[in-house]
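Okay, here's what each chain looks like letter by letter:
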Amino acid sequence: MKMKKTDIGIVVFMYLVCAYFYSQTVNFRADSQTYPKFTIILLFGLTTLYLLQMLVAAKKHGVESGVAEVFKDFQPKQFLFCLIGAILYVVLMHFFGFYISTVIFMAAVLLYLRVPILHSAIAIVAIIALVYFAFGKFLGVKLPIGTVIKMLR
Amino acid sequence: MLETLGLMGAGFINALTPINLLMMAAGVALGIIIGCMPGLSAAMGVALMLPLTFTMKAETGLIVLGAIYCGAIFGGSISAILIHTPGTPASAATAIEGYQMTLQGKAGKALFTACYSSFWGGLLSCISLYFFAPLLAQLTLKFRSAEYFWLSIFGLTIIAGVAGKSIVKGLISGALGLLLSTIGLDPVTGAKRVMFGQAYFAEGINTTCALIGLFSMSQVFILAEKKITQRAQATKFTDKMSLTRDERKLIRPTILRSWVIGNIIGLLPGAGAAIACFLGYNTSKSFSKHKEMFGKGSIEGVAGSEAANNAVTGGSLIPTLTLGIPGESVTAVLMGGLVIQGLAPGPELFGKYAAMTYTFFAGFVLVQFFMLGIGLLGCRGFAQISRLSDAILIPCVTVLCCVGSYAIHKNILDIVVMMTFGVLGYFMRKLDLNTAAVVLALILGPIGEKGLRNALKSSGGDPAILFSTVVSWVLIALCIVGILSPIFMGKLEKKAEKEAVSGTAEDIEKLTEEDSV
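Residues numbered from 1 in each chain as written. Chains lettered and ligands numbered in written order. Predicted model: local features only at pLDDT ≥ 70, side-chain atom pairs only at ≥ 80, totals over all residues.

1. Observations concerning the overall build of chain B
Counted only if it meets this: In this text, helices come from DSSP runs of H or I with a minimum length of four residues, and strands from runs of E with a minimum of two, each type numbered from the N-terminal end. C-alpha atoms define the radius of gyration, and 2.2 Å times the number of residues to the power 0.38 defines the globule rule. Our exposure labels follow a C-beta count within 10 Å of each residue's own C-beta, placed from the backbone: buried means 20 or more other C-beta atoms, exposed means 12 or fewer, and partly exposed covers the counts in between. We call two residues in contact when their backbone-placed C-beta atoms lie within 7 Å.
The helix and strand inventory of chain B stands at 19 helices and zero strands. Taken against the 2.2 N^0.38 rule, which gives 24 Å for 517 residues, the C-alpha radius of gyration of chain B at 22 Å falls within 12% of a compact globule. Expressed as lengths along the three principal axes of its C-alpha atoms, the size of chain B is roughly 70 × 55 × 45 Å. Looking at chain B residue by residue over its 517 residues, the buried ones come to 63%. Considering only residue pairs separated by 6 or more positions, chain B has 80% of its internal contacts joining residues 24 or more positions apart.

So, in structure tokens, the structure goes:
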């Protein structure tokens, strides 16, 4: 099997995680360092082993990008819209509360994904009702009201 | 013996309360819906529903999760039979014969066979759960700190090899999870460790948020990256959903064989329902007196596959509840549910918490009856639900992930953690890293840490204590087996798949593609 360039990302990420945790661990109390150091060494060792496997594969079979395989049929605009939408949804929830932000988020995503308006409306009402009864009434969870709404009250 | 029988009886009485029965029905229905939708998995469904079980009694919460698990494994067969797209990989083999039966106008018969076999597979697997789980739990009484450390490592070596192409990548995932489990206050001394300057992280990473992010939110991103396409129309069927006496007699030995296969596969590390369905299917083909019917719509093939994948459920719960080492993703999530309820796998479940455990077992038995009833009555409706577009699922699941995470501590930071793990889970899945290993490491990490540090403390820092008992050496040997088992399991799965798909190259390609989904 050829070495995939995309796997370099894994190695770099894991080394960065190890470096960050090590930099933090050296500041702990001596007896609190044992286990974190053990896990850092474990992750570092396994990542190095994987790096060696990659190098052997590169030498034996060559190198390939791997991007085409990992991101086959990838729809960048759609993905980014959903990802950013989900992040903005959490931000909106903080300011405007659960119900308003949910309606805005769901309507925006459903509209973008070209779901017919009637289906979208049914989906929004169904989810709001489900959350209201299952979480609000059954579990008694007080859903976020939102800082802006709190101020307006 | 009498005491155990008494506990079993009391378990049934406790499980038969209206709330438990209601939750079983709801859990099974929800599980079937999740299972029959290609793109959603049993693990994702169980993770998403975890927060709903917080305020429930421990036994009721576990019954709900068990019901979703069983329902989802069966649910995958509905879309496999009607639209030739397995809802979960556990039903991949069912699609071969089931869809052929649908093409012949026998969809009702195929669905009945799937439901009936799933019921028997699941029900019979409860027998092993009742008898083997307490025995295995007794073993853990011999464990001390060093053994608990090795047990946590063994659990990780098992899960790290599941469902991945590279064992090292699986182990890296487990090691990353172990490292993340060190976030928060030191569990022994209470000293501050990595907390990113936030008091919120004092108790470490919230396992439920991590579970929802890694299994459910990451799935949303997986759905969002693909072009949204219309699902195939589910075949409307008019034939009667029943089997004749002769047909039932025909599939009886197949169900029994598949029960044994499914149970053993459930117990084995690194195996799961996806392997069991192919092995069950192949065995039914080998023993069949009507081999010519295979590939042309054999009810024995459907029965073999479905009884085996549902027999895995009871079997896989045995190592999960007794040793705390789930063999696959769904049971790893289920174990998360157990830990969240403040319970730990092991002998305590069969001693101090025996009443709760036997109520859960009884509930698991009753869930099979609900699966039969709801599965048979609701097949037509579930078939339509399986066509629900990804475009609708994406925002709906996102909202449920956020609400589920928030419900735990009513803290918006929980949603941020869930979303972070969602993104991490997405990239991990794209790069063939193992999300289940991270979750398990988050659960097992603190157990392993306490074991390691207490063992070293008792020996004055001498690491030789970790290798001082026979049990430790057995566990070390099992760790090595755990690391190597994926190689064997991978070969077994490939062999079973090749033998099962005796059709065209196109068929193989389609099933492989569906499996990856």
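Here the narrative resumes, following the displayed structure.
2. Some thoughts on the overall build of chain A
The helix and strand tally for chain A stands at six helices and two strands. Mapped from its N terminus to its C terminus, chain A presents α and β elements in the order β-α-α-β-α-α-α-α. In terms of overall size, chain A is more extended than a compact globule, its C-alpha atoms giving a radius of gyration of 24 Å where 153 residues would be expected to give roughly 15 Å. Long-range pairs, those at least 24 residues apart, make up 65% of the contacts in chain A between residues at least 6 apart in sequence.

3. Description of the confidence of the model for chain B
The predicted coordinates of low-pLDDT regions are not to be read in fine detail. Residue and element names in this part refer to chain B. What counts here: You can read pLDDT as the predictor saying how much it trusts each residue, on a scale of 0 to 100.
For chain B, the mean per-residue pLDDT works out to 83, and 91% of the residues sit at or above 70. At the level of individual helices and strands, chain B shows its lowest average pLDDT in helix H19 (residues 505-516), which scores 46, and its highest in helix H16 (residues 412-430), which scores 93. Overall, residues 503-517 carries pLDDT values under 50, and its contacts beyond four positions in sequence, including any with other chains, amount to 13 contacts. With pTM at 0.81, the complex prediction returns an ipTM value of 0.93.

4. Description of the packing of helix H4 (residues 58-83) of chain B against helix H12 (residues 299-322) of chain B
All names here are of chain B. Formally: A fitted line through C-alpha atoms represents every axis, and for helices the fit uses only the stretch in contact; the resulting angles, taken between N-to-C directions, go from 0 to 180 degrees. With respect to orientation, any angle under 35 degrees is reported as roughly parallel, any angle over 145 as roughly antiparallel, any angle of 65 to 115 as roughly perpendicular, and every other angle as oblique. Each crossing gets its hand from how the near helix is turned against the far one by less than a right angle, where anticlockwise is left-handed and clockwise is right-handed. Here the term charged refers only to Asp, Glu, Lys and Arg, the term nonpolar to Ala, Val, Leu, Ile, Met, Phe, Trp, Tyr, Cys and Pro, and the term polar to all other amino acids, Gly among them.
With their axes 9 Å apart at the nearest point, H4 and H12 run at an angle of 165 degrees to one another. Judged by the inter-axis angle, H4 sits roughly antiparallel to H12. Our pair here, H4 against H12, has a crossing hand that is right-handed. Residues Tyr69, Cys70, Ile73, Phe74 and Ser77 of H4 lie in contact with H12, whose contacting residues are Glu306, Asn309, Asn310 and Thr313. Grouping the constituent residues of the contact of H4 with H12 by class yields four nonpolar, four polar and one charged.

5. Observations concerning the interface of chain A and chain B
How big an interface is tends to be stated in terms of the accessible area lost upon association of its parts. At the interface, 55 residues of chain A touch 45 residues of chain B. Among the elements of the structure, helix H1 (6-25), helix H2 (30-61), helix H4 (76-112) and helix H5 (117-138) of chain A are those that each provide at least two residues to the side of chain A that touches chain B. Of the residues forming the side of chain A that touches chain B, the biggest block, 15 residues, is contributed by H4(A). For the side of chain A that touches chain B, the class distribution of residues is 37 nonpolar, 13 polar and five charged.

6. So, the domain arrangement of chain A
Using the following cut-off: An automatic or database domain assignment provides the domain bounds reported here.
What the domain assignment reports for chain A is domain 1 (3-70) and domain 2 (76-152). Between the C-alpha centres of domain 1 of chain A and domain 2 of chain A there is a distance of 38 Å.

7. Looking at H4(B)
All names here are of chain B. Note the threshold: Here a helix's expected span is defined as the number of its residues, less one, multiplied by 1.5 Å.
Spanning 26 residues, H4 covers 38 Å between terminal C-alpha atoms, matching the ideal 38 Å at 1.5 Å per step. Judged by how many residues are buried, H4 sits mostly within the fold: 25 of 26 residues are covered. Just beyond H4, the residue with positive phi is His84, at close to 60 degrees.

8. Some thoughts on unusual backbone geometry
All names here are of chain B. In this structure, Phe196 takes a positive phi of about 50 degrees despite not being glycine. Residue classification places Phe196 among the exposed residues on the basis of 8 C-beta atoms within 10 Å. Phi at Lys410 takes a positive value of approximately 55 degrees, unusual for a residue other than glycine. Relative to the helices and strands, Lys410 is located in the loop between helix H15 (390-409) and H16. Residue Lys410 is classed as exposed on the basis of its 11 C-beta neighbours within 10 Å.

9. Some details on the environment of A:Met93
Note that A:Met93 resides in helix H4. Owing to 26 C-beta atoms within 10 Å, A:Met93 belongs among the buried residues under this scheme. Considering only alpha carbons, one finds A:Met93 and A:Ile145, 52 residues apart in sequence, at a separation of 7.9 Å. Setting aside anything within four residues of it in sequence, one finds A:Met93 in contact with A:Phe98, A:Ser101, A:Pro144, A:Gly146 and B:Ile412.

10. Regarding the packing of helix H9 (residues 207-225) of chain B against helix H13 (residues 329-340) of chain B
All names here are of chain B. It is the contact of H9 with H13, at a shortest axis distance of 10 Å, that shows an interaxial angle of 160 degrees. Taken together, H9 and H13 sit at an angle that is classed as roughly antiparallel. Along this stretch, H9 crosses H13, giving a crossing that reads as left-handed. Seen from H9, the contacting residues are Thr207, Thr208, Leu211 and Phe215; seen from H13, they are Val333, Gly336, Val339 and Ile340. For the contact of H9 with H13, the per-class residue count stands at five nonpolar, three polar and no charged.

11. A word on helix H14 (residues 354-385) of chain B
Put simply, the test is: Two axes are fitted around each residue, one to the seven residues ending there and one to the seven starting there, and the angle between them is reported as the bend at that residue.
With 32 residues, H14(B) extends just 39 Å between its outermost C-alpha atoms, more than 12% less than the 46 Å of an ideal straight helix rising 1.5 Å per residue. At B:Cys379, H14(B) shows its maximal kink, close to 70 degrees.

12. Quick look at the environment of B:Val194
Considering the arrangement of structural elements, one finds B:Val194 in the loop between helix H8 (167-180) and H9. Separated by 140 residues in the primary sequence, B:Val194 and B:Phe54 place their C-alpha atoms 27 Å from one another. Leave out the neighbours within four places in its chain, and B:Val194 touches A:Phe21, A:Gln24, B:Thr182 and B:Ile183.

13. Observations concerning the environment of A:Ala30
Residues and elements named next belong to chain A. Relative to the elements of secondary structure, Ala30 occurs in helix H2. A tally of 7 C-beta atoms within 10 Å means that Ala30 is categorised as exposed. Linking Ala30 and Arg153, residues 123 residues apart in sequence, is a C-alpha distance of 51 Å.

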